[in-house]
Amino acid sequence: MKKIIILLVLFLCSCGASTTGILSDIVVGELPSDSNIELEQDIDFQEFIVNEDLNVHKKDSGQIDSEEQSEIEVEDLSIDNSEVSCESNCSPDERKCVSGQEYQYCFEVASDCWQWTEIQECHPDKYCEDGICKLHCNIECLDDFCDENCDLWQFCDESGICQDKSCDLWQTDFITMEADYFSDLTLTADGGCVAVGFVGPGATLEHDFFVAKLDELGEVLWTVITGDEGSMEWAESVKEVFGGGYVVAGYAQQPDSVLFDAWILQLDPDNGSIVWSEKFGGAGNDRVYDVVQTDDGKFTAVGYSTTDSAGGKDFWVLRLSQFGELEWEKKYGGSAEDWGTSIDQVFGPGLVSDGFILSGYTQDIIENIQTAKVLKLDNSGELVWEKSFSGGTKNEVHKVIQSFDGGLVFTGIIQLDPAEQWQGWIFKLSYEGDLLWEQVLGGSEIDLFHSIQQTEDTGYIAVGDTWSMGAGMSDVWLVKLFNDGEVEWQKTFGGTDMENGMAVAQTETLGFVVAGNVYPNNGFADAFVVKLDHNGEVCDE
């Protein structure tokens, strides 16, 4: 309902607009005694490492190309700074507090020459913090509810200053002699979260669905391990169900076969017991990678199918009742291989349910080229429009969401040149499918995004892996964007082993929860869930 209300407000406002050991204090939960999962506090992670030396490329429809720019004459307004005194400790836009109510800021007095201003005073009702005058939080607060004048992660102290609350960050690790892996995560109405993936022997593919429910402090409330003996099952997606419970989607190996069927089930919120469980597929290889519950209580899932496909694989969409019964299925594709990776229900102007947006990619096996695909469907699964995006040899979309203003935001990977490595890719389309902006982020090595969510401030938070930055082989990569796609900040964290970040969500206190995996020396994945603050960092204790 929150998404629906925000969508309505921003749709109305935008009508007519056109814009072309990670943690030092680890809280560890307990698993049921029969789960064969051990929890350990120490993982070979080092402190957060922030790296801002990234190549950032941004395109939008309003850019002037190089030929147009060369024809524009600009008057030289630079100032001769030969006789101006420049201060080396003064950098552009820097501000500092001189006292509790005094501040200075740095300004440009000549070309590449900066000086501090004279000392400025804040209003008597304000105080200086980080060079900015801020209102005391206890000014005009009613019934002593002064904390409401601070940010959600702060409280109002006796001096009327907003202070950060005590550290409530945590990390829960799932470490066994087997492989434990998380693919997805969702927040729950009780303030906790649910993470899903697989668990099983690292040396074989005998994996089972693995589901873990955590409370708001990272304590493990329950786990579920389910699957057929001797076969492989992998959970790819999880969502909270209206009224309680969780729907989990993935795929399960067919008996005595190397092929798979889609597997979707619903779990009870109190103990994780199975409410209903259904498998779907035919004689081919059939998998689902994402599921969403629609506003009518039903479910829609997306993946790929090779059963009676037009090519090697086709986009595959399943529509289920609230009890998991198949209502219809649709396939979309051509002679190439088409993979469906993510789905979201979309709402048109007036907040009317208007079908679905699908993401994925098409792979040309002969040419070895992958092209990103976006499909818009109506409520019956009929194709409304289709878009393809290619800018090199590899374009994959891993996640799609509808933004608060009705737009469509995607993330994944892009390879602009065969001689270059993969880079993280984020782009936004209008509701009609027109490109509004895109970002290509990364360094000289492999970098990619797995997931993205919109944040309370209408910006975005994306998570993935980076080999270009960090402490070890690959590290978790967290990037915060403004609403227009510009980078606000980016962080990496991890140790000397290989880590990846698979899913991220923003909490009610505006912090972030990340699910990911670390590959220690034995090479088998160990899953983890970590809680970060509003800046994607560990707080000081």
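Presented here is a report on the structure given in the accompanying data block.

This brings us to the sheet that holds strand S13 (residues 208–214). Overall, antiparallel pairing links the 4 strands, which are arranged S11-S12-S13-S14 in an open sheet. Only two strands of the sheet have a single partner each, and these edge strands are strand S11 (179–187) and strand S14 (220–226). Each strand axis lies, on average, 20° off the axis of its neighbour in the sheet, ignoring direction. Both S11 and strand S12 (residues 193–200) contribute to a ladder of 8 bridges, which runs antiparallel. If you follow Leu-185 over to S12, its bridge partner there is Ala-195.

Now for the state of the cysteines. Applying the stated criterion to the full structure yields 6 disulfides. Two residues share a disulfide in this structure: Cys-86 and Cys-113, whose sulfurs sit 1.8 Å from each other. On the sign convention where negative is left-handed, the bridge of Cys-86 and Cys-113, at about -115° about the S-S bond, is left-handed. Note that Cys-86 is positioned in the loop between helix H2 (66–70) and strand S2 (95–97) and Cys-113 in strand S4 (residues 113–116), a separation of 27 residues in sequence. Residue Cys-86 is classed as partly exposed on the basis of its relative accessible area, which comes to 41%. Classification of Cys-113 as buried rests on a relative accessible area of 0%. Two residues, Cys-90 and Cys-106, share a disulfide whose sulfurs are 1.4 Å apart. Because the torsion about its S-S bond is 125°, the bridge between Cys-90 and Cys-106 counts as right-handed. Pair noted here: Cys-90 is in the loop between H2 and S2 and Cys-106 is in strand S3 (residues 102–110), with a separation of 16 residues, a long-range link. Cys-106 gets classed as buried once you look at its relative accessible area, which sits at 5%.

What counts and how
Residues numbered from 1 in each chain as written. Predicted model: local features only at pLDDT ≥ 70, side-chain atom pairs only at ≥ 80, totals over all residues. Heavy atoms only, no water. Pairing = 2+ DSSP bridges. Helix = DSSP H or I, 4+ residues; strand = E, 2+ residues; numbered from the N terminus. Axes fitted to C-alpha atoms, helices over the stretch in contact; angles between N-to-C directions. Disulfide = S-S within 2.5 Å. Buried < 20%, exposed > 50% of the residue type's maximum accessible area, 1.4 Å probe, protein only.

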